[in-house]
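Observations on the three-dimensional arrangement
Residue strings, one per chain:
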Amino acid sequence: MPTIPVIIIGTGPVGLSASTALSRQGICNVVIEKHPSTSIHPKARGVNVRTMELCRLWGAEQQIRRSELPITARRFLWMNHVKGEIQGDVSFVTEQEELSPTEPCLLSQDIFEQELLACLKTQKNSQVHFDTRAINLSQDDQFVYCELENLIDQTRTKIQAQYLIAADGANSFVRKKLNINMDGIPLLGTHVSVYCETDLSPWLSDKPFVVMAFTDKEQVGRVIMAVDLKHRWIFSKRIADANEILTKKASIQLVRATVDEPDLIISVYCHPFVLNKDKCENNHPDHTP
Ligand SMILES: Cc1cc2nc3c(=O)[nH]c(=O)nc-3n(C[C@H](O)[C@H](O)[C@H](O)COP(=O)(O)OP(=O)(O)OC[C@H]3O[C@@H](n4cnc5c(N)ncnc54)[C@H](O)[C@@H]3O)c2cc1C
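Below is a summary of the structure that appears in this document. Just so it is clear, the structure is predicted and the values come from calculations on it, not from any experiment.

A few words now on the side chain of Asn80. With respect to the secondary-structure elements, Asn80 resides in the loop between strand S4 (75-79) and strand S5 (86-91). Reaching out from Asn80, the side chain makes a polar contact with the backbone nitrogen of Glu85 at a distance of 2.8 Å. Asn80 has contacts with Glu85, Gln87, Phe214, Thr215, Asp216 and Gln219, leaving out every residue within four places of it along the chain.

Structural data, given as C-alpha cells:
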C-alpha cells in the first residue's frame, strides 16, 4: 500500500489552500475529490482579507482579481422590488491599506476554486484526483488508512498516510466516521437558492451590488446575489421545510416573480442549502480544529 505524508479529502477552498500551503513547504500530499471538477456552483461571494494575503503570498492574487466584481458592488441593497426604489444601502468598502498589503475580494467561489487549482498545479508536491471518493477510513498509532473509489471505473484502492485533512465540507464524511459531533445553534434558517443565467441589465445595470434584498410584502425573504453582475445570478428565498425541493419550473417562477417579468429567459441550476451556526466539537481526541 503506498504511503504518503498527507491525504486531503475535498477540493473546496479549504482542501486546495491546505494542499498549496503544504506543497510550498515541500510536504507531498494527495487531494481527493468525488466530483469531476471543483465546484460548478458559485456558492460564496467573497474572499476575506486574510485569505487574500495568503493568495498574494502564493502568487495567485493577480489571477484571482481578474474576475473580481468592481469596488462599487461592495454593498448590500434593499429595494422595495427589482424595478423600484433603493430603500437601504449598506456599503462595506474597507480602508485597510495601513493594516494589510491587500484587501478583500468580491468573487464567486467557483472562480476562486479554479484559480486556487491553477495555482496548485504549479506546485510539484501535490497530486489532485477528481472523480475519486473516500469511502472508508481507519487509523492506528502510525497511519491513517483510506479506501478510495474511482467513480469512473468503480475500482477501489487503499492508501495510507501519516496525516489526513478532512476538508470535505459541512457534511463531512470524515467527521461522521470519527463520531465527531456538531455543537452550536443548529439552525439559523432554511433557504433555497436558484443559480441561473439571465439578463437583468435592463433593471440592474445602474446599481451594482453584491446582495439585494426586498421590502415589499410579497418579496420579503427573497434575495438576489450577484455572481458576475452580468448574466450569472443567485436567487434565494426562505422556505419552511429544509427538505423542500424546488423543481425547475418553480425555480423559473421564483426568478420571474422576483424580477416581475413573466417571460424572462432563464437557464437554471438549483441548489438548496441550510444555514447553520454550529461547528465541530473541539474536545474530541481525533480532531484538531
Ligand atoms: C448554495 C450555497 C451558497 C453559499 N453562499 C455562501 C456565502 O454567500 N458566503 C459564505 O461565506 N459561504 C457561503 N456558502 C458556504 C461556503 O460555500 C462553504 O462555507 C465553503 O464551501 C466551505 O469550504 P470547504 O472547503 O470547507 O468545503 P466545501 O467547499 O464544501 O468542499 C468540500 C469538498 O469535499 C468533497 N467531498 C465531500 N465528501 C467527499 C468524499 N467522501 N470523498 C471525496 N470528496 C468529498 C465535496 O465534493 C467538496 O468538493 C454557500 C454554500 C452553498 C452550498
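Close contacts around the ligand come from 24 residues, with Val14, Glu33, His35, Gln109 and Ala134 the closest. Between Val14 and the ligand, the recorded distance is 2.9 Å, taken from a backbone N or O atom to an oxygen atom. Sorting the residues of the shell around the ligand by element identifies helix H1 (13-24), strand S8 (132-139) and strand S15 (267-280) as the ones contributing at least two each. For the shell around the ligand, the element with the most residues is S8, which contributes three residues.

Turning next to helix H7 (residues 248-259). Residues spaced three or four apart along an α-helix point in a common direction, a consequence of the helix completing one turn every 3.6 residues. With 12 residues, H7 should reach 16 Å at 1.5 Å per residue; the first-to-last C-alpha distance of 17 Å fits that figure. Within two residues after H7, Asp260 carries a phi angle of roughly 60 degrees, on the positive side.

Scoring rules and cut-offs
- Residues numbered from 1 in each chain as written.
- Predicted model: local features only at pLDDT ≥ 70, side-chain atom pairs only at ≥ 80, totals over all residues.
- Heavy atoms only, no water.
- Helix = DSSP H or I, 4+ residues; strand = E, 2+ residues; numbered from the N terminus.
- Polar contact = N/O pair within 3.5 Å; in protein donor to acceptor, adjacent residues only side chain to side chain.
- Contact = heavy atoms within 4.5 Å.
- Near = heavy atom within 4 Å.
- Expected span 1.5 Å × (residues − 1).

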